[in-house]
Amino acid sequence: MHDNKDDVARRVRIAARALGRAGLVHAYGHCSARAGTESFLVCPSMPMALTPVGATCEPVPVHGDLPEGVLGEVRLHQQIYVRHLQAGGVVRFMGPNMMALAALGRVPQARHGFGCYFQPGVGLWDDPQLIRDDSRAVGAIDAMGQGRALLMRGNGAVVWGESIEAATVLAWYLEDMCRIELIALQTGLADTAPIISEAEAETRATRAGRIIERMWDHMTAGDPELAAS
């Protein structure tokens, strides 16, 4: 975990802009990074691609009420940080392929390499309402189970990783996983096409070879705050 809050905030801003450039968010969406054991920093409440250099990232307690001005769905972040002590970053996003699949009330299967990073599977929250109260946030993250990703019917997705960098990359992976699932559905082969087994996925979901770092580099190339790294 990174406890230098200035560095954490810089990495959150870089992630926010990267998610915007990748088309995974638009006017809506948010990301955060853990800043110590009892708090995390969330990106500004604005279109993420437009996040200014040096913008303030609001500190939010892991336990307790949201500070004034913080988006209500940041409760999802709280629930993840409470339940997964290894979670260092959370991304709430609305990629186009994922939104289409979520609107169908379906979750993607592990059919290609990127899908292997979500074992034991992607959860589904079967409620299209915005999650702006604690009871819905608890229910949604209950539906995520022990996985790293949750689709919310008609309402996007949330993922977590060991760092904000990993969470950002996993958002990209989940969007691509949903793209493959939609293709399988469109071909009519979804029920017969192979699915990667849990044992195969465990082996394939390697972190060696700078897997996460290389995608992070790809997504953040040219960001104005990278020079401060």
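As a reminder, the structure under discussion sits directly above these lines.
This report concerns the structure included in the present document.

Remarks on the overall build of the protein chain
In terms of helices and strands, the protein chain carries seven helices and seven strands. Ordered by position from N to C terminus, the α and β elements of the protein chain give α-β-β-β-α-β-α-β-α-β-β-α-α-α. Taking 2.2 N^0.38 as the reference for a compact globule, 229 residues should give roughly 17 Å; the C-alpha atoms of the protein chain span a radius of gyration of 17 Å, in line with that estimate. A principal-axis box enclosing the C-alpha atoms of the protein chain has dimensions of 50 × 40 × 30 Å. Taking all 229 residues of the protein chain together, 52% fall into the buried category.

Looking at the sheet that holds strand E4 (residues 89-93)
In spatial order, the strands read E3-E2-E1-E4-E7-E6-E5; together these seven strands make up an open sheet with mixed pairing. With one partner strand each, in any of the chains shown, strand E3 (58-61) and strand E5 (123-125) form the two edges of the open sheet. Here the average twist between neighbouring strands, direction ignored, is 20°. Where E4 and strand E7 (residues 156-161) come together, five bridges link them in antiparallel fashion. Looking across to E7, one finds that Gly89 is bridged to Gly161.

Topic: the pattern of salt bridges
Tallied over the full model, the rule gives 17 salt bridges. Residue Glu165 pairs with Arg11 through a salt bridge whose shortest N-O separation is 2.8 Å. With Glu165 in helix H5 (residues 164-187) and Arg11 in helix H1 (residues 5-21), this residue pair connects regions lying 154 residues apart in the sequence. Across the pair, Arg11 and Glu165 agree in class, each one buried.

Side note on the pairing of strand E6 (residues 149-152)
Side chains of E6 alternate between two faces, with Ala149 and Leu151 and Leu150 and Met152 buried alike. Inspection of the sheet shows E5 paired to E6 by three bridges, in the parallel sense. Following the sheet pairing, Trp125 is matched in E6 by Met152. In the classification by handedness, the crossover that spans E5, the intervening helix H4 (residues 134-144) and the parallel E6 is right-handed. As paired strands, E6 and E7 are joined by four bridges and run antiparallel to one another. By the bridge assignment for E7, Leu150 is matched with Val158. The turn linking E6 back onto E7 is made up of three residues, and Gly154 within it adopts a positive phi angle of 70°.

Some points on the environment of Glu68
Positionally, Glu68 belongs in the loop between E3 and helix H2 (75-83). Remark: the alpha-carbon pair of Glu68 and Leu185, spanning 117 residues in sequence, is separated by 43 Å.

As for the packing of H1 against H5
Two elements in contact, H1 and H5, have axes separated by 10 Å at closest approach and are oriented at 10°. It follows that H1 is roughly parallel to H5 by the angle criterion. Listed contacts from H5 to Arg11, Ala15 and Leu19 of H1 are Ile164, Glu165, Thr168 and Ala171. Taken together, the residues of the contact of H1 with H5 break down into four nonpolar, one polar and two charged.

A look at unusual backbone geometry
Residue Pro120 follows Gln119 across a cis peptide bond; omega there is 15°. Phi at Arg210 takes a positive value of approximately 55°, unusual for a residue other than glycine. Along the chain, the position of Arg210 falls in the loop between helix H6 (198-204) and helix H7 (211-220).

Here we look at H1
An ideal rise of 1.5 Å per residue puts 24 Å on 17 residues; H1 measures up with 24 Å between its terminal C-alpha atoms. Across the 17 residues that make up H1, a large majority, 13, are buried. If you check the start of H1, you find a side-chain oxygen 3.1 Å away from the backbone N of Asp6, and it comes from Asn4. Just downstream of H1 lies Gly23, where phi reads positive at about 75°.

Rules used throughout
Counting starts from 1 at the beginning of each chain's written sequence and moves along it residue by residue. Where totals are concerned, whole chains, interfaces and linings use all residues; where local detail is concerned, this predicted model gives features only for residues with pLDDT of at least 70, and gives and counts side-chain atom pairs only at 80 or more. Heavy atoms throughout the structure, all of them, feed into the side-chain values; hydrogens and water do not. Put simply, DSSP H or I for four residues or longer makes a helix, DSSP E for two residues or longer makes a strand, and each gets a number counted from the N terminus. Here the globule rule is a power law, 2.2 Å times the number of residues to the power 0.38, and the radius of gyration is based on C-alpha atoms. Burial classes follow relative accessibility: with a 1.4 Å probe on protein chains only, a residue under 20% of its type's maximum area counts as buried, one over 50% as exposed, and anything between as partly exposed. Strand pairing is assigned whenever DSSP identifies at least 2 bridges connecting the two strands. In this analysis, axes come from line fits to C-alpha atoms, helices being fitted only over the stretch in contact, and the angle between any two N-to-C directions falls in the range 0 to 180 degrees. The term salt bridge refers to a side-chain nitrogen of Lys or Arg lying within 4 Å of a carboxyl oxygen of Asp or Glu. Orient the strands so they point away from the viewer, and a crossover whose first-strand-to-second-strand path over the helix runs clockwise is right-handed. What sets the label is the angle itself: under 35 degrees gives roughly parallel, over 145 gives roughly antiparallel, 65 to 115 gives roughly perpendicular, and the rest give oblique. Two residues form a contact once any of their heavy atoms are found within 4.5 Å. Residue polarity is assigned by list, with Asp, Glu, Lys and Arg as charged and Ala, Val, Leu, Ile, Met, Phe, Trp, Tyr, Cys and Pro as nonpolar; anything else, Gly included, falls into the polar class. A helix is expected to span 1.5 Å multiplied by its residue count minus one. Counting of polar contacts relies on pairs of N or O atoms within 3.5 Å, with two restrictions inside protein: one atom must be capable of donating a hydrogen and the other of accepting it, and residues adjacent in sequence are counted only when both atoms are side-chain atoms.

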